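Spelled out, the chains give:
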Amino acid sequence: MEFTASQIAGFINGRIIGDENTIITGVSPIESGEEGHLSFIAQDKFAGYLETTACAVLIVSEHLLEDKDYKPTIIALPDAYAAFQVLMNLYQSMRETKKMGIESGSFVHETATVAADAYVAAFAYVSEKASVGSGTEIFPHVFLGKNVKIGENCRIASGVKIHDYCVVGDHCIIHSNTVIGSDGFGFAPDKDGLKKIPQLGNVVIENNVEIGSNCSIDRGTIGSTVIGEGTKLDNLLQIAHNVKLGKNNVIAAQTGIAGSTTMGDWNMIGGQAGLAGHIHLGNYVKIQGQSGVNYNMKDGEVVYGSPAFSASEYRRNYVHFRNLSAIVKRIDDLEKKISGQEINE
Amino acid sequence: MEFTASQIAGFINGRIIGDENTIITGVSPIESGEEGHLSFIAQDKFAGYLETTACAVLIVSEHLLEDKDYKPTIIALPDAYAAFQVLMNLYQSMRETKKMGIESGSFVHETATVAADAYVAAFAYVSEKASVGSGTEIFPHVFLGKNVKIGENCRIASGVKIHDYCVVGDHCIIHSNTVIGSDGFGFAPDKDGLKKIPQLGNVVIENNVEIGSNCSIDRGTIGSTVIGEGTKLDNLLQIAHNVKLGKNNVIAAQTGIAGSTTMGDWNMIGGQAGLAGHIHLGNYVKIQGQSGVNYNMKDGEVVYGSPAFSASEYRRNYVHFRNLSAIVKRIDDLEKKISGQEINE
Amino acid sequence: MEFTASQIAGFINGRIIGDENTIITGVSPIESGEEGHLSFIAQDKFAGYLETTACAVLIVSEHLLEDKDYKPTIIALPDAYAAFQVLMNLYQSMRETKKMGIESGSFVHETATVAADAYVAAFAYVSEKASVGSGTEIFPHVFLGKNVKIGENCRIASGVKIHDYCVVGDHCIIHSNTVIGSDGFGFAPDKDGLKKIPQLGNVVIENNVEIGSNCSIDRGTIGSTVIGEGTKLDNLLQIAHNVKLGKNNVIAAQTGIAGSTTMGDWNMIGGQAGLAGHIHLGNYVKIQGQSGVNYNMKDGEVVYGSPAFSASEYRRNYVHFRNLSAIVKRIDDLEKKISGQEINE
């Protein structure tokens, strides 16, 4: 797809400075702009690229422009970032046409229900009594177990496995090879070994959830593991049985949450963090990456460390930890002086 | 499936208090009991739910009951937890009927052997000379490489990949998208780059092992990576080449074990822990989540930290770490006093 | 495949001591040598196995041998390790014959291009305009999105998903269930929730790269996520959008690299490490496992800790951390003495 500067300016209602017929052949981040490409500048710190970029066309926030000529064609408007996002959404919708229909080579059980305008790819497996809502795309190598319900306008990427009785709401995106509804990890030791505790609950994923690739979200032992509306999960997450996440939480990659832990809304959890089981987090908490949380957290707390405590205190104490050898040396010196005084006395 | 209180009481030999015809439409954890559902109370701390639950029927340990009327129908017996487990196992066996036969749309090489009562799903791929034992279920999108042997009564969930020459025992469960027998991570650097060291061993999984979803268990460089009998692995584990785990170990999610490390039996390892390569752990050790172990551990040791040492010492020292700013302040004060004394002298 | 000692000696030009007709039925690591097997001894510390091994044939470095009889047949030569590697490469090439042709039961879009000598397995899905180079093997359950380009002589293992517009060079190995080109994790919060930022870039994997199983490598937001030539990634790695890795980097399992971070060449990163976003690492840095790096690193730096700093300083300070209770006791004592002196004065 090729566009001219004037076509782009038209989409986003911008003012052209330079050649309106300049052709755009791609899009680059401004730090690595390529010849013939479009990029944008919305912040002072990137303004230097106005002079040095190889890009053909730049969308620029008005206040960053001087009254002079620039080598690239400029599209000027009040908020370059917002305009660029509009453009990217437009570009995406042009590039990714939705698929429809049941592709030859898929397996759809005779008791399953697939909406007329849904897509089920070759090599997707839809088990008995499963249902797929309107506008939803089921890509190759997806497995939907018995009685699984997928809502409307979802994208279930290649290789996702959703096991028996799990439920996914509307407008959800689940990325490749994520597993929803595997058995929770529950065993009772006896003298002969570890006896499996049946895992009979399910996973409920509410509307507008996005889940990254290679995540593991286990079914409840009894009852549901719940991912609340609007929550966004990154890649390689572990969500154990009976965890309940509220709305609009953001959890970065490789974090793990142990069994039966619950949280409210709008929490932000960094990557590789670990949450112990059976704890509760309120709302608007922040957990620094690699932290280990093993107690309830109140609204707005910000923590770091393993085990975690106040992030600002952690950082302050860590400065001293980095300096512990010198601190011990000071104690050595004090002890020498004291013992010298004692001898003197 | 609907049951009455009297049917349930019959299965587990309980005494009914209340209406024996109460109908049960589902099962809930007691903390979030739903109308019409069954739950159980086996511990003092949950006894309060006897008065407040929305559940229709509760299985309750006798000693928690008073001589009075309750709103839900009660099924009383000595050990409510054990009775509930019996019921859940029964429920599971009713809900999950085993599949049998080779489903149309699967690929089974002409030299492969599949037991008459095994199940091979559509889109499963069984390579040359692979074998699948009696009563074993191979779900969609499973890949079995050349000469792979799967024992009897196993469940190999959708998306599991088991590579050439690997062996799985009897009564094993491997959850979705776990990879068994990928190449170990071995390279020899030379001036041109990193040269691959051939990975020619395999993985041997003994009887009664359960492995979570999205795990990576690499083949031995030469010889085998071994997961010992009865060991249970959670999700997203990394098990490197030539690791050997003994019997009945329990390892929580996202833990990684580096190459050639070995361990005995009945060890418990928390989530997100890391074990260095070429070390040995005895039996009955406990490793706290997020710990990093880089040395041999004796029977019964309990450790925490990165690098890990005695968990009780770690916790004691960590209390001081949390307080390091105040500790340094005390040293500041001591230094001032000492230097004051010196000036005074 | 069975060989005699003399056949093996012929391949690697070794001198036989003992029975040249001894038959070899397998290969073992020397620490767990099995009857009838071949192994090797190249280091002093393993020389004791010359007397005790159950192996039938040993390849041994000349300088480790005494002028006496050994129970196993010995194949003597200057460098037993190098000779053994030659043998293992040979063994691998005999055991793993390359597959060719488009297997029945695969899906190849009519606009896709597959080289005549490439392999596309049953249940592999090759989307529109994707291309597969000469000598490349695409195993079962692989998904190649629109316009994906795979170079020559690659091995794309069962279950790998490579999304639209991503590019893989020549001689690459990607292990099972790894996901290349899922959406990056980018959301803009507004009052109604978290709005998805379109992820329109791709992933570029250069030549001679090997990637372990269950890795997640996200596409750039705009522009590319890049894995540089010769770089080797272990299992379960998280590589976020717009990360750029240079050449010949080695990254151990379960490490995560956040968005837009870049690095040069020949860096070594331990397992379970975390790199913050938007930082730059030079060349030849070493990062200890479980470390958290949140700042730029210069060539040759070696770090440990969360947050990470000089590894040698970390270890030195950690010794004091392990001893903090005793250190605080020393401060207690000092305070008592000082306050005693003050009272005395």
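Residues numbered from 1 in each chain as written. Chains lettered and ligands numbered in written order. Predicted model: local features only at pLDDT ≥ 70, side-chain atom pairs only at ≥ 80, totals over all residues. Heavy atoms only, no water.

### Concerning the overall build of chain A
A tally of regular secondary structure across chain A gives five helices and 40 strands. At 27 Å, chain A has a C-alpha radius of gyration far larger than the 20 Å of a compact globule built from 345 residues. Dimensions of chain A along its principal axes, counting C-alpha atoms only, are 90 × 70 × 30 Å. The buried share of chain A, reckoned over its 345 residues, is 58%. Taking the intrachain contacts of chain A between residues at least 6 apart in sequence as the baseline, contacts between residues at least 24 apart amount to 17%. Of the roughly 13,500 Å² of accessible surface on chain A, a fraction of 51% belongs to carbon and sulfur atoms. Between the centroid of the 28 positive side chains of chain A and the centroid of its 39 negative side chains there is a distance of 8 Å. (Helix = DSSP H or I, 4+ residues; strand = E, 2+ residues; numbered from the N terminus. Rg over C-alpha atoms; globule rule 2.2 N^0.38 Å. Buried < 20%, exposed > 50% of the residue type's maximum accessible area, 1.4 Å probe, protein only. Contact = heavy atoms within 4.5 Å. Areas by Shrake-Rupley, 256 points an atom, 1.4 Å probe, with all protein chains shown as cover. Lys, Arg positive; Asp, Glu negative; His and termini not counted. Charge placed at Lys NZ, Arg CZ, Asp CG, Glu CD.)

### Observations regarding the relation of the copies chain B and chain A
Overlay of chain B on chain A (RMSD 0.1 Å): rotation 120 degrees, translation along the axis 0.0 Å. Here the transformation between the copies is reduced to the relation of a three-fold axis. (Least-squares fit on C-alpha atoms with pLDDT ≥ 70 in both.)

### Concerning the pattern of salt bridges
Throughout the structure, instances matching the rule amount to 29 salt bridges over all chains. Of the charged contacts in the structure, one is a salt bridge between Arg 330 of chain C and Asp 332 of chain A, with a shortest N-O distance of 2.5 Å. Pair noted here: Arg 330 of chain C is in helix H5 (residues 324-344) and Asp 332 of chain A is in helix H5 (residues 324-344), and the two residues belong to different chains. Bridged by salt links that share partners, the residues Arg 155 and Glu 210 of chain A together with Asp 183 and Lys 196 of chain C form one connected network. (Salt bridge = Lys/Arg side-chain N within 4 Å of Asp/Glu carboxyl O.)

### Here we look at the environment of His 141 of chain C
Following the sequence through the fold, His 141 of chain C ends up in the loop between strand E14 (137-138) and strand E15 (143-144). Taking the C-alpha atoms as reference points, His 141 of chain C and Gln 43 of chain C, 98 residues apart in sequence, are found 43 Å from one another. A distance of 2.6 Å separates the side chain of His 141 of chain C from the backbone oxygen of Phe 123 of chain B, its partner in a polar contact. (Polar contact = N/O pair within 3.5 Å; in protein donor to acceptor, adjacent residues only side chain to side chain.)

### Some thoughts on the sheet that holds strand E4 (residues 26-27) of chain A
Residue and element names in this part refer to chain A. An order of E2-E7-E6-E5-E4 is seen for the five strands of this open sheet, with the pairing classed as mixed. Both edges of this open sheet fall to strand E2 (15-17) and E4, since each of them pairs with a single strand only. Here strand E5 (residues 37-41) runs beside strand E6 (residues 57-61); their pairing, made up of four bridges, is parallel. Looking at the pairing, Phe 40 lines up with Ile 59 of E6. Its contacts with the sheet place helix H1 (residues 5-12) against E2, E6 and strand E7 (73-77), and it is angled at close to 5 degrees to E7. (Pairing = 2+ DSSP bridges. Axes fitted to C-alpha atoms, helices over the stretch in contact; angles between N-to-C directions.)

### Details of the domain arrangement of chain A
Segmenting chain A into domains produces domain 1 (3-95), domain 2 (101-312) and domain 3 (316-345). For domain 2 of chain A and domain 3 of chain A, the distance between their C-alpha centroids amounts to 52 Å. (Domains from an automatic or database assignment.)

### Quick look at the pairing of E5 of chain A
Residues and elements named next belong to chain A. The buried fraction of E5 is high, at five of five residues. Residue alternation in E5 divides its side chains into two sets, His 37, Ser 39 and Ile 41 and Leu 38 and Phe 40, and both sets are buried. Where E4 and E5 come together, two bridges link them in parallel fashion. Bridging across to E5, Gly 26 finds its partner in His 37.

### A word on helix H3 (residues 80-95) of chain C
Residues and elements named next belong to chain C. Helix length check: H3, at 16 residues, gives a terminal C-alpha distance of 22 Å against a target of 22 Å (1.5 Å per residue), a fit within 8%. Buried within H3 we find Ala 80, Ala 83, Phe 84, Gln 85, Leu 87, Met 88, Gln 92 and Arg 95. Those residues of H3 that are buried lie in contact with helix H1 (5-12), strand E4 (26-27), strand E5 (37-41), strand E6 (57-61) and strand E7 (73-77). Measuring from the side-chain oxygen of the N-cap residue of H3 to the backbone nitrogen of Tyr 81 gives 3.1 Å; that N-cap residue is Asp 79. (Expected span 1.5 Å × (residues − 1).)

### Concerning the interface of chain A and chain C
With 63 residues of chain A at the interface, the matching set in chain C holds 74 residues. Both sides of the chain A and chain C interface together cover about 5,100 Å² of buried area, and 57% of this is carbon and sulfur. Three residues stand out in chain A for area buried against chain C, namely Arg 95, Phe 123 and Phe 321 of chain A, and they jointly supply 12% of the buried area on that side. Our enumeration of links across chain A and chain C arrives at five salt bridges. Between the two partners, chain A and chain C, sit 35 residue pairs in polar contact (both at pLDDT 80 or more). Secondary-structure elements contributing two or more residues to the side of chain A that touches chain C are helix H3 (80-95), strand E28 (232-233), strand E31 (250-251), helix H4 (311-321) and H5 of chain A. It is H5 of chain A that provides the largest number of residues to the side of chain A that touches chain C, a total of ten residues. Across the side of chain A that touches chain C, the residue classes break down as 28 nonpolar, 22 polar and 13 charged. (Buried area = accessible area lost by both parts, 1.4 Å probe. Nonpolar A, V, L, I, M, F, W, Y, C, P; charged D, E, K, R; others polar.)

### Details of the packing of H1 of chain C against H3 of chain C
Residue and element names in this part refer to chain C. Across the interface, H1 lies against H3 with an axial gap of 10 Å and an inter-helix angle of 105 degrees. Relative to H3, the element H1 lies roughly perpendicular. Here H1 contributes Ile 8, Phe 11 and Ile 12 to the contact with H3, which in turn contributes Ala 83, Val 86, Leu 87 and Leu 90. Of the residues in the contact of H1 with H3, the class split is seven nonpolar, no polar and no charged. (Parallel < 35°, antiparallel > 145°, perpendicular 65-115°, else oblique.)

### Comments concerning the packing of aromatic side chains
Per the stated rule, a full pass over the model turns up 57 aromatic pairs over all chains. Residues Phe 107 of chain B and Tyr 125 of chain B carry aromatic rings whose centres are separated by 4.1 Å and whose planes lie at 5 degrees to one another, so their mutual orientation is stacked. With Phe 107 of chain B in strand E9 (residues 107-108) and Tyr 125 of chain B in strand E12 (residues 125-126), the pair connects residues that are 18 residues apart, well separated along the chain. With a centroid separation of 4.2 Å and an interplanar angle of 45 degrees, the aromatic rings of Tyr 304 of chain C and Tyr 314 of chain C are classed as tilted. You can see Tyr 304 of chain C sitting in strand E39 (residues 302-305) and its partner Tyr 314 of chain C sitting in helix H4 (residues 311-321), a full ten residues away along the chain. Take Tyr 304 of chain C and Tyr 314 of chain C: they sit in the same class, and that class is buried. (Phe/Tyr/Trp six-rings, centres within 6.5 Å; stacked < 30°, edge-to-face > 60°.)

### A short note on unusual backbone geometry
Residues and elements named next belong to chain A. For the bond from Ser 306 to Pro 307, the omega torsion is 0 degrees, close enough to zero to count as cis. With a phi close to 60 degrees, Leu 236 is a non-glycine residue in the positive phi region. Summarising the element assignment, Leu 236 is placed in the loop between E28 and strand E29 (238-239). On the accessibility criterion, Leu 236 (3% relative accessible area) is buried.

### What to know about a nonpolar patch on the surface
All names here are of chain A. A surface patch of nonpolar side chains, about 250 Å² in accessible area, is lined by Phe 11, Leu 90 and Met 94. By the secondary structure assignment, Met 94 is in helix H3. Overall, the relative accessible area of 37% leaves Met 94 in the partly exposed class. (Patch = residues over 30% accessible without salt bridge, like charges linked within 9 Å, V, L, I, M, F, W, Y side chains within 5 Å.)

### Things to note about the pairing of strand E39 (residues 302-305) of chain A
All names here are of chain A. Relative to E39, strand E37 (residues 286-287) runs parallel, the two sharing two bridges. Of the residues in E39, the one forming a bridge with Lys 286 is Val 302. Remark: two residues form the turn of the hairpin made by E39 and strand E40 (residues 308-310), two consecutive strands paired antiparallel.

### Considerations on the interface of chain B and chain A
Contacts between chain B and chain A engage 63 residues on the former and 74 residues on the latter. When the two sides are added together, the surface that chain B and chain A hide from each other amounts to roughly 5,100 Å², 57% of it contributed by carbon and sulfur. The largest contributions to the chain B side of the interface with chain A come from Arg 95, Phe 123 and Phe 321 of chain B, which together make up 12% of the buried area. Run the count over chain B and chain A and you get four salt bridges. For Arg 155 of chain B, the salt bridge is made with Asp 183 of chain A, and the minimal N-O distance between the two is 3.4 Å. Taken together, the connections running from chain B to chain A amount to 35 residue pairs in polar contact (both at pLDDT 80 or more). Those elements giving two or more residues to the side of chain B that touches chain A turn out to be helix H3 (80-95), strand E28 (232-233), strand E31 (250-251), helix H4 (311-321) and helix H5 (324-344) of chain B.

### Quick word on the sheet that holds strand E11 (residues 119-120) of chain C
Within a sheet, neighbouring strands are paired by backbone hydrogen bonds and run either parallel or antiparallel to one another. Residues and elements named next belong to chain C. Strand order across the open sheet formed by twelve strands is E8-E11-E14-E17-E20-E25-E28-E31-E34-E37-E39-E40, with mixed pairing between neighbours. The open sheet has two edge strands, strand E8 (101-102) and strand E40 (308-310), and neither has a second partner. Here two bridges tie strand E31 (residues 250-251) to strand E34 (residues 268-269), and the two strands are oriented parallel to one another. Across the sheet, residue Ile 251 finds its bridge partner in E34, namely Ile 269.

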